[in-house]
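Below, each chain spelled out in residue letters.
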Amino acid sequence: MSVVDERRQQMFPVLTPAQMENMSRFASDVERRFEPGQPLFEVGDVGVPTWLIVEGSIAIVRRDGLGCEKPIVVQVAGQFTGEISQLAGRPSLAAATAGPGGCRALPFDAAHLRALAVGSAELGEMLMRALILRRVGLLEGDTAGSVLIGQPGEVNRVMIEGLLTRNGYPFTAFDSSVDEEGRAVVQRLGVLPDELPLLVSPTGKVLKRPTIAEVATCLGMLPELKPDALYDVAIVGAGPAGLATAVYAASEGLSVLVLDQRAMGGQAGASARIENYLGFPTGISGLALAARVYHQEQKFGAELAMPLEGRSSLGRYARRPALPAASLQ
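This text gives an overview of the structure that appears in the document. Since we're looking at a predicted model, the values are computed, not measured.

For the bond from leucine 196 to proline 197, the omega torsion is 5°, close enough to zero to count as cis. Turning to its location among the elements, proline 197 is positioned in the loop between α7 (180-189) and β8 (198-200). Phi is positive for threonine 143, which is not a glycine, with a value near 55°. Mapped onto the fold, threonine 143 is located in the loop between α5 (121-140) and β6 (146-150). Within the chain, arginine 209 stands out as a residue other than glycine whose phi angle is a positive 45°. Residue position: arginine 209 is located in the loop between β9 (206-208) and α8 (212-218). Residue classification places arginine 209 among the partly exposed positions, given a relative accessible area of 39%.

In structure tokens form, the structure reads like this:
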């Protein structure tokens, strides 16, 4: 059974009137009314708020880069939209429209959503569990995220698959020489063999033989880093030590930036099973451990920029960057 079947009530909880009143105290703006069929947000929209439905219903669908669409759920009064992308204001992986009777809903932007997750123990636990499980549901299912087309085992395709998998981004992969759908896309777009692999983003943007940096930029993995921004803590390397430092610093209210050339978890993130990590007596996969810490960082507002290389502005420890570099003072 999929996580959607096993844990549907946790993925889409219905709040009690008292819980709705408590949650409404953290809203980022006033209540809004949406007419029947009116879009609330689209796939690829950045900074989409989480909506608490006060009245009516909202239909949520997932869509991949080829335009294929499948329903996820119809949410009603007392439920809230969103998945883990909303905590950091990243591009949406789903789309939503108001139901047949329209709806009234309260918005929660990323900052107010994080305040809710930290400021209300009961609602925070319910919220975080739901947002995480919804991302898991997108990863388990099909028709969501990017479409990757190319030859299995080809170096560039393997690197892109690793980037998407280790950073928890849903995608569908096609063999360009065997899968009929993959061949059809290649022929329709007139893509040459030396232009593979091909990545079609959730918004339909086509990247031919992209670099890791181009994929990350297209999918909105990189936050908008302002040149004049100052951070209390800058962490270069998102291995277990770097991730733990980010959680502890951000939870104390410090502004934190985490940089890594590849993905969260470092070498440990690629481990099939970690048996000696504190607090996990039965063991845990490196990817699962990194994902849990990543969600904690999102909750406390740490900025994660991956894949990105950090260089000292003084150049004393600078290395020639394989990817776009951020200059830190």
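Turning next to the layout of surface pockets. In this structure, the largest pocket spans a volume of roughly 660 Å³. What lines the largest pocket is a set of 27 residues, and nearest its centre among them are Ile132, Val136, Ala291, Arg292 and His295. Elements with a contribution of two residues or more to the lining of the largest pocket: α5, α6 (155-166) and α10 (286-300). Grouping the amino acids of the lining of the largest pocket by side-chain chemistry returns 15 nonpolar, five polar and seven charged.

Considering all chains together, one arrives at two cavities of 30 Å³ or more under this definition. Roughly 70 Å³ of internal volume is contained in the largest cavity. Lining the largest cavity, in full, are Arg90, Asn167, Tyr169, Met221, Tyr294, Leu304 and Met306. Split into classes, the residues belonging to the lining of the largest cavity amount to five nonpolar, one polar and one charged. The space that makes up the second largest cavity amounts to roughly 40 Å³. Its residues placed into classes, the lining of the second largest cavity shows three nonpolar, two polar and two charged.

What follows covers the side chain of serine 146. Secondary-structure assignment places serine 146 in strand β6. Accessibility expressed as a relative area gives 2% for serine 146, which makes it buried. If sequence neighbours within four positions are ignored, serine 146 has contacts with Pro170, Phe171, Thr172, Leu199, Val200, Ser201, Pro202 and Leu219.

Once that is clear, we can look at the pattern of salt bridges. Tallied over the full model, the rule gives twelve salt bridges. Arginine 33 is the salt-bridge partner of glutamate 55, the closest N and O atoms lying 4.0 Å from each other. Of this pair, glutamate 55 sits in strand β3 (residues 50-63) while arginine 33 sits in strand β1 (residues 32-34), and the two are 22 residues apart along the sequence. A relative accessible area of 38% means that glutamate 55 is categorised as partly exposed. Arginine 33 gets classed as partly exposed once you look at its relative accessible area, which sits at 38%. A salt bridge links glutamate 125 to arginine 129; the nearest nitrogen and oxygen atoms lie 2.8 Å apart. Here the residue glutamate 125 and the residue arginine 129 both occupy positions in helix α5, the gap between them amounting to four residues, near one helical turn.

Moving on, we come to the pairing of strand β11 (residues 256-259). With burial as the criterion, each face of β11 is covered, one bearing Val256 and Val258 and the other bearing Leu257 and Leu259. Pairing of strand β10 (residues 233-236) with β11 involves four bridges; the strand directions are parallel. Directly across from isoleucine 235, in β11, lies its bridge partner valine 258. Handedness of the β10-helix α9 (residues 240-251)-β11 crossover: right-handed. Sheet analysis places β11 next to strand β12 (residues 303-305), joined by three bridges and oriented parallel. Bridging across to β12, leucine 259 finds its partner in alanine 305. In this fold, β11 hands off to α10, which returns the chain to β12; that crossover is right-handed.

Calculation notes
- Residues numbered from 1 in each chain as written.
- Predicted model: local features only at pLDDT ≥ 70, side-chain atom pairs only at ≥ 80, totals over all residues.
- Heavy atoms only, no water.
- Helix = DSSP H or I, 4+ residues; strand = E, 2+ residues; numbered from the N terminus.
- Buried < 20%, exposed > 50% of the residue type's maximum accessible area, 1.4 Å probe, protein only.
- 1 Å grid on protein atoms, 1.4 Å probe; cavity = no way out; pocket = protein on both sides within 12 Å on 5 of 7 lines; lining within 4 Å.
- Points joined across faces, edges and corners; volume = space filled by probe spheres on them.
- Nonpolar A, V, L, I, M, F, W, Y, C, P; charged D, E, K, R; others polar.
- Contact = heavy atoms within 4.5 Å.
- Salt bridge = Lys/Arg side-chain N within 4 Å of Asp/Glu carboxyl O.
- Pairing = 2+ DSSP bridges.
- Right-handed = clockwise from strand over helix to strand, strands pointing away.

The values reported here are purely geometric and, on their own, carry no functional implication.
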